[in-house]
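Residue-level structure breakdown
As a plain string of letters, each chain reads:
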Amino acid sequence: MVVLRIRNVHKRKCALICLCIVGFIMYRYLSMSAGGRRMSRKVGLCANSSQFTLERESFRIIGGSIHYFRVPRAYWRDRLMKMKASGINTLTTYVPWSLHQPEREVFNFHTQLDLVAYINLAAELGLWVIFRPGPYISSELDLGGLPSWLLRDGSMKLRTTYPGFTQAVSTFFDQLIPKVVPLQFKKGGPIIAVQVENEYGSFAKDESYMLFIKEALQSRGISELLLTADNYNTMKSGSVAGAIRSVKLQKLNQKDIQDLNAIQPNSPTLVMDYWTGWYDVWGDLHHVLPPEGSSFGFMSGALADPSYSALVPSYDYDAPVSEAGEYTPKYHLLRDLFFQFNRGDSFSDMPALHFREAYEPAIMFQHLSLWDALSFTEGPFKSPKPISMENLPVNNKNGQSYGYTLYETTITSGGLLESGDNVRDRALVFLDRSYIGLFKRQSLELVVSDVKGRRTLSLLVENCGRVHQGRDLDKQHKGLVGEILLNNIPLQDFTIYSLDMKPSFIDSLYQAPWKTLPDAPSFPGFFMGRLFAYGYPSDTFVKLPGWEKGVVFINGLNLGRYWSIGPQQTLYLPGPFLNSGINQVIIFEEQEGDFKVHFEDTPDLGMAAEIQ
């Protein structure tokens, strides 16, 4: 029996059948074998040579995944109900370590990250759960969901049995796993299976690692069926004894199925992920697949192959249910398909759609230069040499994870400024706080005009996103990661400011010396305006024509990056993020602004290109 799971990960080529990304979510379709819930809870989900069984009865799951960390909590129920109405009866969910443990001694399982509440909601709605705790999840997240503070260890070897990594995993699992143990099937909960790591076959640097993860789960009380998931050509190196192998495909290929059966002849065939889309990166087109989630803040990852490319914040990649919860033609096709799987059983009604509104533009009326905001940052810090973001003594010595870092030093002459490969990922360069040029990975030299006396050279470096996959995860330090040369001499004696753009920093700017917006404001800078939303606020989409590149904050919440090069031209703004009445809009713009922010009732993800 072939078990099919359809997944939208937007890499490599895609197939026609599509998975659904619901609201900034990844919506995945999985088919395992037939049946429904049972009161007996002694055996759980099992695999014999021909099929899966639950409590020894033939069992089929049609499942999908919604990322709770990409969907406003107020919309969890809406998205799960839309999932169920399509015919899905199983939720699969990843767990983002980086969000749950932002600092070594800080854990967050509350509000938006209340995983237990999310799983209980799934159970309340009649959904089974396949739990995917990682610790690496990919999921197009910065560093694949691993916390950046791991990189403070100069010898760190991620996804191996290196003691510094295994100790960190153990500490996280000590917090995470006890929360979900009572939610397992045999204990009366909805969790019927648990995935061990994710796509380890494509990494496979340590043959003992998967056994460590498996034992870390089981020793803390995980007792349900274990699964692994890998590409068809890396299944062997990503497996572990005692876990069912599954394959990830870009198109349904009988040879790949045969290969899996040859490797695992005594189990039902499981196609865990069926890729049906493509990544969108800045400066490219929006990829779609006929016929037809969001990464808020700085969650978006990046690609390393063939060269570095940062992903756009939208997680709405041509999905059956859109980022804003809209049904697309693919949703209806899949609902018809799953109706057949369910042998004519009636489906729940499709939930009504949320109203979307085009609000009046927000006019920017106040301005705060970057330089005037520096006193509200954590720092400054003095260092003879540049320090990467991760190694800055900020956030209780956990380093800086996201955002920008400003490096300033003094020079006494002009000449040739060279960055080598030490700017990660993009730096605006200033002389006495006047813009003189740009460094990026492909731009290595900049001429500094003649200098008389002591002048301040500044580099505002942006972390555009750490890669989320590949074998170079250990090398994802951001900021300045090495020397900057002026006339072949390394610059020294830096003053460093951390601009991580966290809510606490944005909130602190209320006390900053904002000024009435001048005719010619300085850049980079912060711009403030107001959005009026009367009554019960509706979903909308932020559009910034005339702005160049920056970040949008609504009521202190980071909606994500925008960039005029596209493809993405709007940012999804959910109604629950808005207040009835006045809402504060802050734009951090690097280079050019129109001083007006538009709100539209339809998304604009850019010019589309069909995947062949």
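Above this text is the structure in question.
A brief look at the structure comes next.

About the criteria used
- Residues numbered from 1 in each chain as written.
- Predicted model: local features only at pLDDT ≥ 70, side-chain atom pairs only at ≥ 80, totals over all residues.
- Heavy atoms only, no water.
- Helix = DSSP H or I, 4+ residues; strand = E, 2+ residues; numbered from the N terminus.
- 1 Å grid on protein atoms, 1.4 Å probe; cavity = no way out; pocket = protein on both sides within 12 Å on 5 of 7 lines; lining within 4 Å.
- Points joined across faces, edges and corners; volume = space filled by probe spheres on them.
- Nonpolar A, V, L, I, M, F, W, Y, C, P; charged D, E, K, R; others polar.
- Pairing = 2+ DSSP bridges.
- Salt bridge = Lys/Arg side-chain N within 4 Å of Asp/Glu carboxyl O.
- Buried < 20%, exposed > 50% of the residue type's maximum accessible area, 1.4 Å probe, protein only.
- Phe/Tyr/Trp six-rings, centres within 6.5 Å; stacked < 30°, edge-to-face > 60°.
- Arc of directions from axis to C-beta.
- Contact = heavy atoms within 4.5 Å.
- Axes fitted to C-alpha atoms, helices over the stretch in contact; angles between N-to-C directions.
- Parallel < 35°, antiparallel > 145°, perpendicular 65-115°, else oblique.
- Left-handed = near helix turned anticlockwise from the far one by under 90°.

**Details of unusual backbone geometry**
Cis geometry is found at the peptide bond from Gly134 to Pro135, where omega equals 20°. Take Pro135: it is sitting in the loop between strand S8 (128–132) and helix H4 (163–180). The omega torsion across Gly566 and Pro567 is 15°, close enough to zero to call that bond cis. Positionally, Pro567 belongs in the loop between strand S34 (557–563) and strand S35 (570–573). At Arg56, a residue that is not glycine, the phi angle is positive and equals roughly 70°. Locating Arg56 in the fold gives a position in the loop between strand S4 (52–54) and strand S5 (57–58). Located in the positive-phi region is Glu197, a residue other than glycine, with phi close to 55°. For Glu197, the position within the fold is in the loop between strand S9 (191–195) and helix H5 (209–218).

**Here's the deal with empty space enclosed by the protein**
One number sums up the size of the second largest cavity: a volume of about 30 Å³. Around the second largest cavity, the lining residues are Ser294, Ser295, Phe296, Pro313, Ser314, Glu323, Leu559, Gln568, Leu571 and Tyr572. A per-class count over the lining of the second largest cavity returns five nonpolar, four polar and one charged.

**A look at the sheet that holds strand S3 (residues 45–47)**
Across a sheet, paired strands are connected by hydrogen bonds in the backbone, their directions being either parallel or antiparallel. Pairing within the open sheet is antiparallel, and its three strands lie in the order S3-S4-S5. The open sheet has two edge strands with one neighbour each: S3 and S5. Of the pairings in the sheet, the one linking S4 to S5 comprises two bridges and is antiparallel in character. The partner of Thr53 across the bridge, within S5, is Ser58.

**Quick look at the sheet that holds strand S24 (residues 445–448)**
Spatially, the four strands line up as an open sheet ordered S24-S20-S27-S28, and their pairing is antiparallel. Strand pairing shows two members of the sheet lacking a second neighbour, S24 and strand S28 (489–490), which therefore form its edges.

**Concerning the pattern of salt bridges**
Per the stated rule, a full pass over the model turns up 24 salt bridges. Note that Arg73 and Asp114 form a salt bridge whose closest N and O atoms lie 3.6 Å from each other. Pair noted here: Arg73 is in the loop between strand S6 (62–65) and helix H1 (76–85) and Asp114 is in the loop between helix H2 (97–100) and helix H3 (115–124), with a separation of 41 residues, a long-range link. The partner of Arg433 in a salt bridge is Glu408, and the shortest N-O contact between them spans 3.5 Å. Of this pair, Arg433 sits in the loop between strand S22 (426–431) and strand S23 (434–440) while Glu408 sits in strand S19 (residues 404–411), placing them 25 residues apart in sequence. Relative accessible area serves as the criterion here: at 8%, Glu408 is assigned to the buried category.

**Some remarks on the pairing of strand S37 (residues 596–600)**
A one-sided burial pattern is seen for S37, the buried positions being Val597 and Phe599 and the unburied ones Lys596, His598 and Glu600. Where strand S32 (residues 540–543) lies against S37, three bridges are found, and the strand directions are antiparallel. Note that in S37 the partner of Val542 across the bridge is Phe599.

**Examining the packing of aromatic side chains**
If you walk through the whole model with that rule in mind, you get 27 aromatic pairs. Aromatic side chains Tyr68 and Phe69 sit 5.4 Å apart centroid to centroid with 85° between the ring planes, which places their arrangement in the edge-to-face category. A relative accessible area of 0% means that Tyr68 is categorised as buried. Overall, the relative accessible area of 5% leaves Phe69 in the buried class. Ring geometry for Trp371 and Phe430: centres 5.2 Å apart, planes at 85°, overall edge-to-face. Of the two residues, Trp371 sits in helix H8 (residues 370–373) while Phe430 sits in strand S22, which places them 59 residues apart along the sequence. Just as Trp371 is buried, Phe430 falls in that class too. Through successive ring pairs, a cluster of aromatic residues spans Trp97, Trp149, Phe165, Phe172, Phe173, Tyr200, Phe203 and Tyr209.

**Thoughts on the layout of surface pockets**
Sizing a probe to match a water molecule and rolling it over the atoms shows the empty space that remains. Here the largest pocket is characterised by a volume of approximately 1,100 Å³. Taken together, 35 residues make up the lining of the largest pocket; nearest its centre are Leu99, Gly297, Met299, Tyr402 and Pro503. Counting only elements with at least two residues in the lining of the largest pocket, the list comes to H2 and S34. Grouping the amino acids of the lining of the largest pocket by side-chain chemistry returns 18 nonpolar, 13 polar and four charged.

**Let's talk about H3**
Buried residues of H3: Leu115, Tyr118, Ile119, Leu121 and Ala122, and no others. When H3 is viewed along its axis, its buried side chains cluster within an angular range of 155° and face the same direction. Where the residues of H3 are buried, they touch H1, strand S7 (90–94), S8, H4 and S9. Of the residues flanking the end of H3, it is Gly126, one or two places downstream, whose phi is positive at about 85°.

**Section: the packing of H1 against H3**
Where H1 contacts H3, the axes come no closer than 10 Å and their chain directions differ by 40°. Looking at the two axes, H1 sits oblique to H3. The handedness of the crossing between H1 and H3 is right-handed. Of the residues in H3, those in contact with Trp76, Arg77 and Leu80 of H1 are Ala117, Tyr118, Leu121, Ala122 and Glu124. Considered class by class, the residues forming the contact of H1 with H3 number six nonpolar, no polar and two charged.

**Some details on the packing of H4 against H5**
At their nearest, the axes of H4 and H5 sit 10 Å apart, and the two run at 25° to each other. Relative to H5, H4 is oriented roughly parallel. H5 is crossed by H4, and the crossing has right-handed handedness. Judged by residue contacts, Phe165, Thr166, Val169, Ser170, Phe173 and Ile177 of H4 engage Tyr209, Phe212, Ile213, Ala216 and Leu217 from H5. Taken together, the residues of the contact of H4 with H5 sort by class into nine nonpolar, two polar and no charged.

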